[in-house]
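A look at the structure
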2 protein chains.
Amino acid sequence: VSEAPTYDDVVAASLVLAGRAVETPLLESPLLNDRLGGRLLIKAEMLQRTGSFKYRGAFNRLAAIFDASKGAGVVAYSSGNHAQGVAAAARDLGLAATVVMPADAPAMKIERTRAWGAEVVLYDRRSESREEIGERLAAESGATLIRPYDDPYVIAGQGTVGLELSAQVRAMGADLDAVLIPCGGGGLTAGCALAVAEAYPRAVIYTVEPAGFDDTARSLAAGERQSIDPTATTLCDALMVSKPGAMTFEINRRLLSGGLVVDDGMVTQAMAVAFAELKLIAEPGGAAALAAAVSGAYDVRGKTVAVVCSGGNVAPETFKAALDGAA
Amino acid sequence: VSEAPTYDDVVAASLVLAGRAVETPLLESPLLNDRLGGRLLIKAEMLQRTGSFKYRGAFNRLAAIFDASKGAGVVAYSSGNHAQGVAAAARDLGLAATVVMPADAPAMKIERTRAWGAEVVLYDRRSESREEIGERLAAESGATLIRPYDDPYVIAGQGTVGLELSAQVRAMGADLDAVLIPCGGGGLTAGCALAVAEAYPRAVIYTVEPAGFDDTARSLAAGERQSIDPTATTLCDALMVSKPGAMTFEINRRLLSGGLVVDDGMVTQAMAVAFAELKLIAEPGGAAALAAAVSGAYDVRGKTVAVVCSGGNVAPETFKAALDGAA
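Residues numbered from 1 in each chain as written. Chains lettered and ligands numbered in written order. Predicted model: local features only at pLDDT ≥ 70, side-chain atom pairs only at ≥ 80, totals over all residues. Heavy atoms only, no water.

1. Considering the overall build of chain A
Applied cut-off: Starting at the N terminus, helices and strands are each numbered in turn, a helix being any DSSP run of H or I of at least four residues and a strand any DSSP run of E of at least two. Here the radius of gyration uses the C-alpha set of atoms, whereas the globule reference equals 2.2 Å times the residue count to the power 0.38. Buried, partly exposed and exposed residues are distinguished by accessible area as a fraction of the type maximum, computed with a 1.4 Å probe on protein chains only: under 20%, between the cut-offs, and over 50%, respectively.
Assigned secondary structure in chain A consists of 14 helices and 10 strands. Relative to the 2.2 N^0.38 estimate, which gives 20 Å for 327 residues, the radius of gyration of chain A is 18 Å and therefore close to what a compact globule would have. By principal-axis analysis of the C-alpha atoms, chain A measures approximately 55 × 40 × 40 Å. The buried share of chain A, reckoned over its 327 residues, is 61%.

This is the structure we're talking about:
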């Protein structure tokens, strides 16, 4: 598949991932529902292998590598979660992995990528291009480059989050009014949108981005891809992308209702809610969609709304500060 | 049922709880497995409704109340998790609930019991007997007293944790060498033992208690119920019981291999491991069995071992201190 994936590709990915990826639970807190005046369903992807949804797309992509190319291994670039997903999928499939990571990525994400067995190459986020380094490494070694989002197998793999979520909503006997999804390059959103649009065609789907990195929200509003100036800072290290993917945006433009934006205060509040009400660790970027619902940036009243909590790879210091900030 | 429950009662409870209780996931961390040299499976009961397994037994018990007695409501005594379980089950079944709690129980457990709609009556743990207060309130009002563990419906309800766990191990294609279960009065252990002994008769089953509250370990060693002097302190507020239940001990004596003991340092270490490797919030008592496996108090090497993480109701300050203590 070199073209954009379809719903059928998401279903195919779910078969590839069966018994490999965790079928993460769809949880809710009746006390939180009381407070919000609606029904909020939380897809707990921090419980996924490697602590984020990224394992799904990575495994689906790596499983599709031809035998003749397996020996040269894989190369990826990532600020942390895709890195771990690729490293773990490579380990599970017996492939060598090299991952290009920014030197200022959270130390625990770098450590854990190494723990999964990958070789980590650090670069300077301000002066170097991770895409160029990744492509050069791949060209030199013959390794397969595993793009973080603009890849049909990756998008289809991430889409299994939406496929599971839809089946879980149905098993609850519930309907679904809206789905909110944290958005960096847009792969998780695009994959989930393919699945949800099929299962719940009347549900609206929104991306949620951190303030300063709202390239997808702007692009959806403009109808074409827009870049932002990536000088802003955000707690959401996993969502620091300055321009939507080409393939992901084609899907998202067609299936989404728009893009929401949350600030760091809303995100830490949501991390504290996940702690108190759900007993889950959400990393800042992983809590973005929950933040939109909890803060009221998206009004849940009278609706059934699913939010994807996309990851939980957060350092203890950052997590403790979030609990303090929200106190 | 006024006699001790059997495996069939656990199966019956699973039907009562279907669609009510969360089927909590059985998780593992490959990196943690590497470190321990075995396979550790974590039953994540902090994701249960009310943040602990107690909802299961409470709902199963309340659902068995005759219609003629429903109007008078229910009374329970509890340091916190049974309180929330009873309060939530009462809310779900439309019954009034009064809960007797020690004044020094964690404030968040008292608050949340109230949030679920129960009336909370506080007592002094040192000078008053919660059993007497509970029995008096029940006698005065005609309310049904919901005992925290020495009740066949409660034990059978908690046993659904073991029933699910066994089915999940089987679905993984794994075998099971041992199960470790946090133990207060012994209801969770007894119920799980009924289920696991049926599904995996060769698996060994151990309770895990905090140092100073090892009444079940001592009782199992002695072959009869022993009391401890409850003056010790422990982080594990949920496990501060000074004597095993009569009904629970009859089951546990028959089906268990023994009792393990962990100290506060092992418990905080386990809470930090649950944070880093599993992205789960474990309260101190909820982390006791995980602590036995992670600390080496139970040797996991070369085995497949399931631990029940029984709850996640912990105040932010306690949780932050645990992350610091383990750093």
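2. A few points about the sheet that holds strand S9 (residues 258-262) of chain B
Residue and element names in this part refer to chain B. Using the following cut-off: One bridge is not enough; two strands pair if DSSP finds at least two bridges between them. Contact between two residues is taken to exist if any of their heavy atoms lie within 4.5 Å; hydrogens are not considered. Fitted lines through C-alpha atoms serve as axes, helices being fitted only where they are in contact, and the angles separating the N-to-C directions of these axes extend from 0 to 180 degrees.
Spatially, S1-S2-S10-S7-S8-S9 is the arrangement adopted by the six strands of the open sheet, whose pairing is mixed. Across the chains shown, the open sheet's two edge strands, defined by having one partner strand only, are strand S1 (26-27) and S9. Sheet topology note: the strand S7 (residues 178-182)/strand S10 (residues 304-309) ladder contains three bridges and is parallel. In the strand pairing of S10, Val179 is matched with Ala306. Contacts from helix H9 (residues 187-199) reach S7, strand S8 (204-210) and S10 within the one sheet, and its direction differs from that of S7 by about 165°.

3. Points about the sheet that holds strand S6 (residues 144-145) of chain A
Two orientations exist for strands paired in a sheet by backbone hydrogen bonds: parallel and antiparallel. All names here are of chain A. The strand order across the open sheet built from four strands is S5-S4-S3-S6, with neighbouring strands paired in parallel fashion. The open sheet terminates on both sides in strands that have one partner only, identified here as strand S5 (119-123) and S6. Note: strand S4 (residues 97-102) against S5, five bridges, orientation parallel. What sits directly across from Thr98, in S5, is Glu119.

4. Section: the confidence of the model for chain A
Here is the rule: The score called pLDDT rates the predictor's confidence residue by residue, from a low of 0 to a high of 100.
Here chain A averages 96 in pLDDT, and 99% of its residues register 70 or above. Taken over the whole predicted complex, pTM reads 0.96, whereas the ipTM for its chain interfaces reads 0.95.

5. Thoughts on the pairing of S4(A)
Residues and elements named next belong to chain A. Counted only if it meets this: Place the viewer so that the strands point away; then a crossover is right-handed whenever the path from the first strand over the helix to the second strand goes clockwise.
Of all six residues that make up S4, six are buried, and the element is covered over most of its length. The two faces of S4 match: Ala97, Val99 and Met101 on one face and Thr98, Val100 and Pro102 on the other face are all buried. Where strand S3 (residues 74-77) meets S4, four bridges bridge the pair, whose relative direction is parallel. Considered in S4, the bridge of Ala76 is made with Val99. In this fold, S3 hands off to helix H5 (residues 81-93), which returns the chain to S4; that crossover is right-handed.

6. A word on the packing of helix H12 (residues 264-278) of chain A against helix H13 (residues 288-295) of chain A
All names here are of chain A. To be explicit about the condition: Between 65 and 115 degrees an angle is taken as roughly perpendicular, under 35 as roughly parallel, over 145 as roughly antiparallel, and anywhere else as oblique. Residue polarity follows a fixed list, in which Ala, Val, Leu, Ile, Met, Phe, Trp, Tyr, Cys and Pro are nonpolar, Asp, Glu, Lys and Arg are charged, and the others, Gly among them, are polar.
Between H12 and H13, the shortest axis-to-axis distance is 8 Å and the interhelical angle comes to 95°. One finds that H12 runs roughly perpendicular with respect to H13. Touching Met266, Val267, Gln269, Ala270, Val273 and Ala274 of H12 are Ala288, Leu290, Ala291, Val294 and Ser295, all from H13. Residues of the contact of H12 with H13, tallied by class, amount to nine nonpolar, two polar and no charged.

7. Brief notes about the interface of chain A and chain B
Filter applied, for reference: The buried area of a pairing is the accessible area, by a 1.4 Å probe, that goes missing from both parts when the two are put together, added over both. Note on definitions: salt bridges are taken to be side-chain nitrogens of Lys or Arg within 4 Å of carboxyl oxygens of Asp or Glu. Under the rule applied, a polar contact is a pair of N or O atoms within 3.5 Å (in protein, one hydrogen donor and one hydrogen acceptor; residues adjacent in sequence only if both atoms are side-chain atoms).
With 31 residues of chain A at the interface, the matching set in chain B holds 32 residues. Interface of chain A and chain B: buried area, both sides summed, is about 2600 Å²; carbon and sulfur atoms make up 67% of it. Summed over the three residues of chain A that lose the most area to chain B, namely Leu31(A), Phe275(A) and Lys279(A), the buried surface amounts to 26% of that side. Linking Asp324(A) and Lys320(B) is a salt bridge whose minimum nitrogen-to-oxygen distance equals 2.1 Å. Viewed at the interface, chain B and chain A are joined by 10 residue pairs in polar contact (both at pLDDT 80 or more).

8. Observations concerning the nonpolar core
So the rule is basically this: In this description, a nonpolar core means a group of buried Ala, Val, Leu, Ile, Met, Phe, Trp, Tyr and Cys residues linked to one another through side-chain atoms lying within 4.5 Å.
Counting residues in hydrophobic clusters, the biggest one holds 88 residues, and the most contacted among them are Leu40(A), Leu180(A), Leu280(A), Phe319(A), Leu40(B), Leu180(B) and Phe319(B). Each residue touching Leu280(A), except ones within four places of it in the same chain, is listed here: Leu27(A), Ile42(A), Ala44(A), Met46(A), Leu47(A), Ala274(A), Phe275(A), Leu47(B), Lys279(B), Leu280(B) and Ile281(B).

9. Some points on the environment of Val314(B)
Note that Val314(B) resides in the loop between S10 and helix H14 (316-325). Spatially, the C-alpha atoms of Val314(B) and Gly212(B) are 21 Å apart, while their sequence positions differ by 102 residues.

10. Re the relation of the copies chain A and chain B
Keep this limit in mind: Least squares is used to superpose the copies, and the fit set is the C-alpha atoms of residues whose pLDDT is at least 70 in both copies.
Between the two copies, chain A and chain B, the superposition gives an RMSD of 0.0 Å; the rotation angle is 180° and the shift along the axis is 0.0 Å. In the structure described here, the two chain copies are related by an operation that fits a two-fold rotation axis. Taking C-alpha positions as reference, the residue of chain A nearest the rotation axis is Leu280(A), located at 2.5 Å. Interface overlap between copies: 100% of the residues of chain A at the interface are likewise at the interface in chain B, consistent with a symmetric, same-surface contact.

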